[in-house]
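# Analysis of the macromolecular model
In case you want the letters, here they are:
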Amino acid sequence: MEIPAQVRRYWLPILLFTAGFLFQLLVLPHSYPPTHYDVLGVEMFAPVERVAEAYERLSKEWLSETNRHQTVDIIKIRYAYELLTNPIFKRDYDLFGLDEHADVLERVKEQYQKEHFLKIDLPLLKDPVVNLNDHAFNVLTHESFMPAIAEEYPLLILVYSKGSRRCAQFAESWKQISTRLDGIAKTAMVEVGDAELAGHFAEKRFSKQPFFRNGVPALVAYPANCRSPSCYMRYPGGLFVDSVVDWVATSVVGLPRILYYSKDTLGPQFIGKTGHHKLSRLSFSQVLESVLLHSFAKLPKSIRAMHHLHLSYGEKKNPRFGGTLLGVESAPALVFLKGPGTKPVVYHGTFNKSEFTKVMEEHKHQELPQLRSDTSMELGCDARGYSRAGNDKMIWYCVIVAGRPGVELSKKRQILRKAQDQLIGVIDTSTTGNVDNSIEISSAATALIDDRLTFVWLDGEVQKKLCAFYLATDYNGACGPSGFGDDNDKPELFIVRFQRNATYEALKAEKKNNLMEALQGQHTPDASQLVARYNGPDEIQEINKWISQIIKDGDTREIPYFTSKVPDLVPEETSKEWLRSTKSIRSAGRSLKENISFHFRDYLTDPRIGSALLMSGCISLGIIWLRNNQQTQSTRQDKAPKDKAKRRRPRPKLSTSLFGQPTESITDAEPSDARQWEMTDSDSD
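Treat the numbers as computed from the prediction; the structure is a model and nothing was measured.

### A look at the nonpolar core
Core analysis: the biggest nonpolar cluster contains 42 residues, and L140, L156, I157, I177, F201 and Y222 have the highest contact counts within it. Looking at this core, the elements with two or more residues in it are helix 8 (145-149), strand 1 (155-160), helix 9 (165-180), strand 2 (186-191), helix 10 (195-201), strand 5 (218-222) and helix 11 (241-253). If sequence neighbours within four positions are ignored, L140 has contacts with F145, A148, L155, I157, A188, M189, V190, D194 and L197. L58, I77, L83 and Y112 belong to the second largest nonpolar core, which has 26 residues in total.

This is how it looks when you write it as structure tokens:
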């Protein structure tokens, strides 16, 4: 069936008119149901006296013989009367549209919809008004609000109502939240009756009417660096103690997120996914949660920046599942995992803030620092950089144990760490004057105290190119992925001597005038490197003797200066969980998709949409009609001159000769049958 031409021409106005009428008839009434004032037939925000008068008038109609009200309608009227005659309920409903008793209305309607209205059990709202004054510590007012957010601690604010059942049920949870966040963030409360302050935390619709999307209680927080009244964060999740504490700790304060693992997920999801460069902390009790939050907030920034941490809990109901694997005998317990093959460090019992900080100080390092792409320059084990002592030292050393992560590498790392501790002991005895028989390792001890000697370990599996370069070998033994060439995971110990020549570097720097090299950062040449591998026994004294002899020879002998291109270290994961942006951490709240859908639904309820659609339809109708009318008039004007031209007789044209004389026409020639009339004096002529 062909669509008529007029419909095709005016399809846009027809579509807009249809959408506007459907919005006005279907969407708008559903989005704005009748208020309780409409049910009673009084104006909005009518006083209690008017509400009572309207209810008495309607109740008389029930008892009359001409009563046409159904039981459901009578229940709605009674519910509106009880709600609007209660001062607190009416205040909350008028200010923010709060109506927590809608479930009571639906339950009573379902119960008595087929019964006579006289059988309804009254009153409908039996719940008494709960007074939260016993729990309302640190209640903010409009005067005390600005000083409260000006303090250095984050601030968590609970917006509550004295007449709310949900707020009364949440009171005990609020106590627990305040206790857990004590020392981390301050807590305060705002009563809905303070309309100006509570309205500041409410959301605003297009009509500027404040409302709380999820009702009350509602939670908002001010971060530590937030000093403006408008920079608060609104909590979008469920009202659970763990969820609120987790949101405040991670999103507001920026502390590490505490994760929970069961017996089945501890191995594959926590231990298996923890990198070898990370120091992991595992607690087997939820009792330690408050201590952990307090302690990490109080830890010095130097400790938090020197190592990576994974925070987690063991299973709450059965904390003994880690006994055979991690050596946990009872809960609560704190376990430090320092690497594969390394024996876990277990602390049993509870901790206070100072004790936990002390434990973290003791275990802030792994057994040995790892040579990584983000630590090589700082450790002084990078040919592009300098020693830890600074740019003045031209010769320095780096002792490296390289291998595939596993038990053998962990044992080798422990031996090298003990060798370092022995050198530190030699330094301590020399300062006190008790010089023993450690003269043989004095060169290494002196280099260590001068920051010219560093002990590190290298992941030969990840950094296989650099490992193979230093050991001058293929991918086997200590370098390359496990099982690549052989199954013999044998770590190697070697020392690298770095040397810089000031004269050579100055001459080389003068030649580098290439703009591309300068932009690529190649203006600093690599230091000269000399590698020596250790082939002796795994004894601490022998290793230190070997290191000391290498340093002694390297400092005194003339060694040719040469440079070679060293493979770059492979970048590894470096993000720290507590340094993530607070906005990037997903809390227990709604997802981005849900938030977008909520805002979209808010805009759909705007009553201006229907009138805008109808007005757009009128404008488009007028524009289309005007264009069509202009086209019709122009067509008629084009046809009119053509018709006149057809009816008009063409006018003869006079032509002239080249010399300006008129040409001879047919009237100038005398016809052959013409004759001359003779003129007479007769009047008849």
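### Observations concerning the environment of M394
With respect to the helices and strands, M394 occurs in the loop between helix 17 (376-379) and strand 12 (395-403). A residue is classified by how much of its surface remains accessible, and M394, at 29% relative accessible area, is partly exposed. In sequence terms M394 and A527 are 133 residues apart; their C-alpha atoms lie 9.2 Å from each other.

### Thoughts on the state of the cysteines
In this structure the tally under the stated criterion is two disulfides. In this model, C381 is linked to C398 through a disulfide, with the two sulfur atoms separated by 1.9 Å. Judged by the torsion about the S-S bond (85°), the C381/C398 disulfide is right-handed. Taken together, the positions of C381 in the loop between helix 17 and strand 12 and C398 in strand 12 put the pair 17 residues apart, joining distant regions of the chain. Pair check on accessibility: C381 and C398 agree, each one buried. Between the sulfur atoms of C467 and its disulfide mate C479 the distance is 1.9 Å. Classification of the bridge connecting C467 and C479 rests on its S-S torsion, roughly -65°, and on that basis the disulfide is left-handed. On the criterion of sequence distance, the pair formed by C467 in helix 20 (residues 464-471) and C479 in the loop between helix 20 and strand 14 (492-499) is long-range, its members being 12 residues apart. Residue C467 is classed as buried on the basis of its relative accessible area of 0%. Judged by relative accessible area, C479 falls into the buried class, the value being 0%.

### Considerations on the packing of aromatic side chains
Tallied over the entire structure, the rule returns 14 aromatic pairs. These aromatic residues form a ring-pair network of at least three members: F145, F201, Y222 and Y232. Between the NZ or CZ atom of R413 and the centre of the ring of W457, over which it lies, the distance is 4.3 Å.

### Description of the sheet that holds strand 6 (residues 233-234)
Across the sheet, which stays open at both edges, the four strands sit in the order 2-1-5-6 with mixed pairing between neighbours. The open sheet terminates on both sides in strands that have one partner only, identified here as strand 2 and strand 6. Looking at chain direction, strand 1 and strand 5 are connected through five bridges and run antiparallel. Note on strand 5: the bridge partner recorded for V159 is A218.

### Overview of the sheet that holds strand 14
As summarised here, the arrangement of the four strands in space is 13-12-14-15, forming an open sheet in which the pairing is mixed. Two strands lie at the open edges of the sheet, namely strand 13 (453-459) and strand 15 (528-533), each paired on one side alone. Along the sheet, successive strands turn relative to each other by an average axial angle of 25°, direction set aside. Sheet topology note: the strand 12/strand 14 ladder contains eight bridges and is antiparallel. Bridging from a neighbouring strand, Y397 pairs with R497 of strand 14.

### Some remarks on the pairing of strand 12
Strand 12 sits mainly inside the fold: nine of its nine residues count as buried. Side chains I395, Y397, V399, V401 and G403 of strand 12 all project onto a buried face; the interleaved residues W396, C398, I400 and A402 project onto the opposite face, where all are buried too. As paired elements, strand 12 and strand 13 share seven bridges and run parallel to each other. The residue of strand 13 that forms the bridge with V399 is F455.

Cut-offs and rules
- Residues numbered from 1 in each chain as written.
- Predicted model: local features only at pLDDT ≥ 70, side-chain atom pairs only at ≥ 80, totals over all residues.
- Heavy atoms only, no water.
- Core = buried A, V, L, I, M, F, W, Y, C linked by side-chain atoms within 4.5 Å.
- Buried < 20%, exposed > 50% of the residue type's maximum accessible area, 1.4 Å probe, protein only.
- Helix = DSSP H or I, 4+ residues; strand = E, 2+ residues; numbered from the N terminus.
- Contact = heavy atoms within 4.5 Å.
- Disulfide = S-S within 2.5 Å.
- Phe/Tyr/Trp six-rings, centres within 6.5 Å; stacked < 30°, edge-to-face > 60°.
- Lys NZ or Arg CZ within 6 Å of the ring centre and 35° of its normal.
- Pairing = 2+ DSSP bridges.
- Axes fitted to C-alpha atoms, helices over the stretch in contact; angles between N-to-C directions.

Purely geometric stuff here, so don't read any function into it on its own.
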